[in-house]
Amino acid sequence: MTARGRDFLNEWVVGNVPHVPVTGDAPIRALAQKLRDDASAAGYTIADLEIEGAQVEQFIRETIAHVTFPAKSED
């Protein structure tokens, strides 16, 4: 992924992925569609962002889990 694509995806996650657990498939599907739409508007395809087209919803689920329950560092 290009640095520009990585920046887009990072900014999109910060601005769109909730910091609380999300239950149900409807909000996940809505976020996945928003990512597709926003990426397209910014000139990207999902493939440009190195996400397999069929895996966008899984990406959203994993990102929500990471944002909601970040891994603890061992200091």
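Residues numbered from 1 in each chain as written. Predicted model: local features only at pLDDT ≥ 70, side-chain atom pairs only at ≥ 80, totals over all residues. Heavy atoms only, no water.

## Brief notes about helix α3 (residues 56-68)
- Given a rise of 1.5 Å per residue, 13 residues ought to cover 18 Å, and the 18 Å separating the end C-alpha atoms of α3 matches this to within 8%.
- Of all the residues in α3, the buried ones are Val 56, Phe 59, Ile 60, Thr 63, Ile 64 and Thr 68. The buried side chains of α3 occupy one side of the element, clustering within an arc of 150 degrees when seen end-on.
- Looking at the buried positions of α3, the neighbouring elements they touch are α1 (3-16) and α2 (25-41). (Helix = DSSP H or I, 4+ residues; strand = E, 2+ residues; numbered from the N terminus. Expected span 1.5 Å × (residues − 1). Buried < 20%, exposed > 50% of the residue type's maximum accessible area, 1.4 Å probe, protein only. Arc of directions from axis to C-beta. Contact = heavy atoms within 4.5 Å.)

## Notes on unusual backbone geometry
- Although it is not a glycine, Glu 50 sits at a positive phi angle of roughly 60 degrees.
- We classify Glu 50 as exposed; its relative accessible area is 57%.

## Some points on the packing of α1 against α2
- The N-to-C vectors of α1 and α2 enclose an angle of 140 degrees; their axes lie 11 Å apart at closest approach. As judged from the angle between their axes, α1 and α2 are oblique. Once α1 is placed against α2, the crossing between them reads as right-handed. Contacts between α1 and α2 involve Phe 8, Leu 9, Trp 12 and Asn 16 from the first element and Leu 31, Lys 34, Leu 35, Asp 38 and Ala 39 from the second.
- Partitioning the contact of α1 with α2 into residue classes produces six nonpolar, one polar and two charged. (Axes fitted to C-alpha atoms, helices over the stretch in contact; angles between N-to-C directions. Parallel < 35°, antiparallel > 145°, perpendicular 65-115°, else oblique. Left-handed = near helix turned anticlockwise from the far one by under 90°. Nonpolar A, V, L, I, M, F, W, Y, C, P; charged D, E, K, R; others polar.)

## Quick word on the side chain of Thr 63
- Along the polypeptide, Thr 63 turns up in helix α3.
- In contact with Thr 63, not counting residues within four places along its chain, are Val 13 and Val 17.

## Some remarks on the confidence of the model for the protein chain
- Of all residues in the protein chain, 92% attain a pLDDT of 70 or more, and the chain-wide mean is 83.
- Of all secondary-structure elements in the protein chain, the lowest mean pLDDT belongs to α3, at 83, while α2 reaches the highest, 91. (pLDDT = per-residue confidence, 0-100.)

## Regarding the pattern of salt bridges
- Evaluated as defined, the whole model comprises two salt bridges.
- A salt bridge links Arg 61 to Asp 25; the shortest N-O distance between them is 2.7 Å. Of the two residues, Arg 61 sits in helix α3 while Asp 25 sits in helix α2, which places them 36 residues apart along the sequence.
- For Asp 25, a relative accessible area of 41% translates into the label partly exposed. (Salt bridge = Lys/Arg side-chain N within 4 Å of Asp/Glu carboxyl O.)

## A short note on α1
- Taking 1.5 Å per residue, 14 residues should reach 20 Å; α1 reaches 20 Å between its end C-alpha atoms and fits that length.
- Within the sequence span of α1, burial applies to Gly 5, Phe 8, Leu 9, Trp 12 and Val 13. End-on view of α1: buried residues confined to an arc of 130 degrees, all on one side of the axis. When the buried face of α1 is taken as reference, the exposed residues oriented beyond 90 degrees from it are Arg 4, Glu 11, Val 14 and Gly 15.

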